[in-house]
Amino acid sequence: MAGSIEATPTRTTQRSAALFAEAQRVIPGGVNSPVRAFHGVGGTPRFIARGYGAYIVDVDNNEYLDYVLSWGALPLGHAHPAVVEAITKQAERGTSYGAPTELETELAALITEVMPAVAMVRFVSSGTEAVMSALRLARAATERSVIVKFEGCYHGHADSMLVSAGSGVATLGLPDSPGVTHGAASDTVTLPFNSLSAVERVFSDRGGEIAAVIVEPIAGNMGLVLPAHGFLAGLRRLTSANGALLIFDEVMTGARVARGGAQELYGIAPDLTTLGKVIGGGLPVGAYGGRADLMRLVAPAGPVYQAGTLSGNPLAMAAGLATMRELAKPGAYEALRVASRALADGIADCARRAGVAIQAGAVGGMWGFFFNDGPVIDYTSAKRSDTARFARFFHACLNGDVYLAPSQFEACFVSLAHDADAVARTLEVFRRAFEQS
Ligand code: PLP
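Residues numbered from 1 in each chain as written. Predicted model: local features only at pLDDT ≥ 70, side-chain atom pairs only at ≥ 80, totals over all residues. Heavy atoms only, no water.

Colleague: Account for the sheet that holds strand β3 (residues 63–66), naming residues and giving values.
Modeller: Spatially, the four strands line up as an open sheet ordered β1-β2-β3-β13, and their pairing is mixed. The open sheet terminates on both sides in strands that have one partner only, identified here as β1 (48–52) and β13 (402–403). In terms of strand pairing, β3 meets β13 through two bridges, oriented parallel. Opposite Asp-66, over in β13, you have Tyr-403 as the bridge partner. (Pairing = 2+ DSSP bridges. Helix = DSSP H or I, 4+ residues; strand = E, 2+ residues; numbered from the N terminus.)

If you want it as structure tokens, here you go:
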């Protein structure tokens, strides 16, 4: 099935195949993050040699229009000159000091400016670390244990969050991961995304135990699923009324769907926010921030311990600052929005013409689609999608030099380098892919 889909690729993939074989000898599954392995779609993962603008080029010299963009981290596209210059200049001065730099304060100040609910920020090295640290802080601040999360939302791979965690976990078919103890998972309550009544029920049953509700305000890790009208406002109301904290995990949406993330788009002020991806401009980064009274509990200002050798790394700070400054230029978010919308509307149109049922959507610089004949509002409805059909479509696109995320349960992204011409070419590839798959 999925494995045979690529039996007749129109592109040579010999070098990728050889590198993948060698990688599997020394790296588990040959990759350093599961979804890269193409398990959801079959075939050989492409080993990438370089990227520029909207394109990536693999080791067999195939060039693809890239809609993964390092899983959303590159809203300027690959190797943007401003980012390359910032990183190069910083590298010449040193790559890490283990002592504070001005860059950290500059990026923190910029984040507090674009996200008014974030008064203070602590930088870490990944989104996983940001979430793990925010949960510790929430538990310390409330002196409660239970965290409420939503099915299909991914918050990194900290033990307590590997419960109904979407994307990579969904693609691999692992409901939970071995190695996560009952103890670690038992303080996590998982509810259906977009179900405010489920949240109401859990607060009425266990309100006094709940430290925080954590949510991807726009879900991107079960495919793109938008919050229902009133869902986020309802979470804000219920958490405030019950003395629990509201955590927006904006690792994916922060500075991508709008400068101030989903919290700007929906006008909701969470107590804590987690960030990553865009704010590091393609270098390893994470951050958590929020109300000053909460953030002052973090060491050394307060007793909640959290630290990191490479936290606030100057290369990552320089890349993040350069990225955020480019995005501050007039028209940047409008351009991302227009490209995403054109792709979502365009793929829906191609599908309609081909008589194929899909659900497509877009928000800011994110877009996505499901091979699904009903509305997708949560993980249960997302899982009804036709994943075999997605795999065929994915490979037809890949053969047409369009690189989508290799899983039905991932969002797609655009960058400022995805101009009208790139979008038009992509839609032509989609049109042919529907005919072939
Ligand atoms: N939270 C969300 C919403 C994410 O999308 C991700 C990664 O995709 C994470 C957390 C984990 O971030 P990282 O992969 O940097 O650990």
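Colleague: How would you sum up the confidence of the model for the protein? Please name residues and give values.
Modeller: Within the protein, residue pLDDT values average 94, and 95% of them lie at 70 or more. In the predicted structure, residues 170–175 sits below a pLDDT of 50 and forms twelve contacts with residues beyond four places in sequence or in another chain. (pLDDT = per-residue confidence, 0-100. Contact = heavy atoms within 4.5 Å.)

Colleague: So what about the site of the ligand? Which residues, and what values?
Modeller: For the ligand, the full set of nearby residues is Ser-126, Gly-127, Thr-128, Tyr-154, His-155, Gly-156, Glu-216, Asn-221, Asp-249, Val-251, Met-252 and Lys-277. One of the side-chain nitrogen or oxygen atoms of Thr-128 is found 2.7 Å away from an oxygen atom of the ligand. Within the side chain of Asp-249, one N or O atom sits 2.7 Å away from a nitrogen atom of the ligand. In terms of residue class, the shell around the ligand is made up of three nonpolar, six polar and three charged. (Near = heavy atom within 4 Å. Polar contact = N/O pair within 3.5 Å; in protein donor to acceptor, adjacent residues only side chain to side chain. Nonpolar A, V, L, I, M, F, W, Y, C, P; charged D, E, K, R; others polar.)

Colleague: Help me get a handle on the packing of helix α15 (residues 387–399) against helix α16 (residues 420–436), residues and values and all.
Modeller: The contact between α15 and α16 brings their axes to 9 Å, and the two run at 135 degrees. Regarding the angle of α15 to α16, the classification is oblique. Crossing of α15 over α16 shows right-handed handedness. Counted together, Phe-393, Ala-396 and Cys-397 of α15 and Val-429, Phe-430, Ala-433, Phe-434 and Gln-436 of α16 form the full contact between these two elements. Across the contact of α15 with α16, the residue classes tally to seven nonpolar, one polar and no charged. (Axes fitted to C-alpha atoms, helices over the stretch in contact; angles between N-to-C directions. Parallel < 35°, antiparallel > 145°, perpendicular 65-115°, else oblique. Left-handed = near helix turned anticlockwise from the far one by under 90°.)

Colleague: Describe the environment of Ala-79, naming the residues involved and giving the relevant values.
Modeller: Mapped onto the secondary structure, Ala-79 falls in the loop between α2 (69–72) and α3 (81–93). Taking the C-alpha atoms as reference, Ala-79 lies 33 Å from Pro-270; in sequence the two are 191 residues apart. Excluding residues that lie within four positions of it along the chain, Ala-79 makes contacts with Gly-51 and Val-84.

Colleague: Can you explain the nonpolar core? Please cite residues and give values.
Modeller: The biggest cluster of nonpolar side chains holds 72 residues, and the ones touching the most others in it are Trp-367, Phe-369, Phe-393, Leu-404 and Phe-430. Excluding residues within four positions of it along the chain, Phe-430 makes contact with Leu-343, Ile-347, Cys-350, Trp-367, Phe-393, Cys-397, Val-402 and Leu-404. Grouped together as the second largest cluster of nonpolar side chains are 31 residues, Val-189, Val-202, Phe-203 and Phe-248 included. (Core = buried A, V, L, I, M, F, W, Y, C linked by side-chain atoms within 4.5 Å. Buried < 20%, exposed > 50% of the residue type's maximum accessible area, 1.4 Å probe, protein only.)

Colleague: Give me the pattern of salt bridges: which residues, what numbers.
Modeller: Across all of its chains, the model carries 15 salt bridges by this definition. For the salt bridge of Glu-85 with Lys-89, the shortest nitrogen-to-oxygen distance reads 2.8 Å. Here Glu-85 and its partner Lys-89 are both found in helix α3, four residues apart, which amounts to about one turn of the helix. Among the residues examined, Glu-85 registers a relative accessible area of 45% and is labelled partly exposed. By relative accessible area, Lys-89 is classed as partly exposed at 43%. Linking Glu-209 and Arg-206 is a salt bridge whose minimum nitrogen-to-oxygen distance equals 2.9 Å. Residue classification places Arg-206 among the partly exposed positions, given a relative accessible area of 28%. (Salt bridge = Lys/Arg side-chain N within 4 Å of Asp/Glu carboxyl O.)

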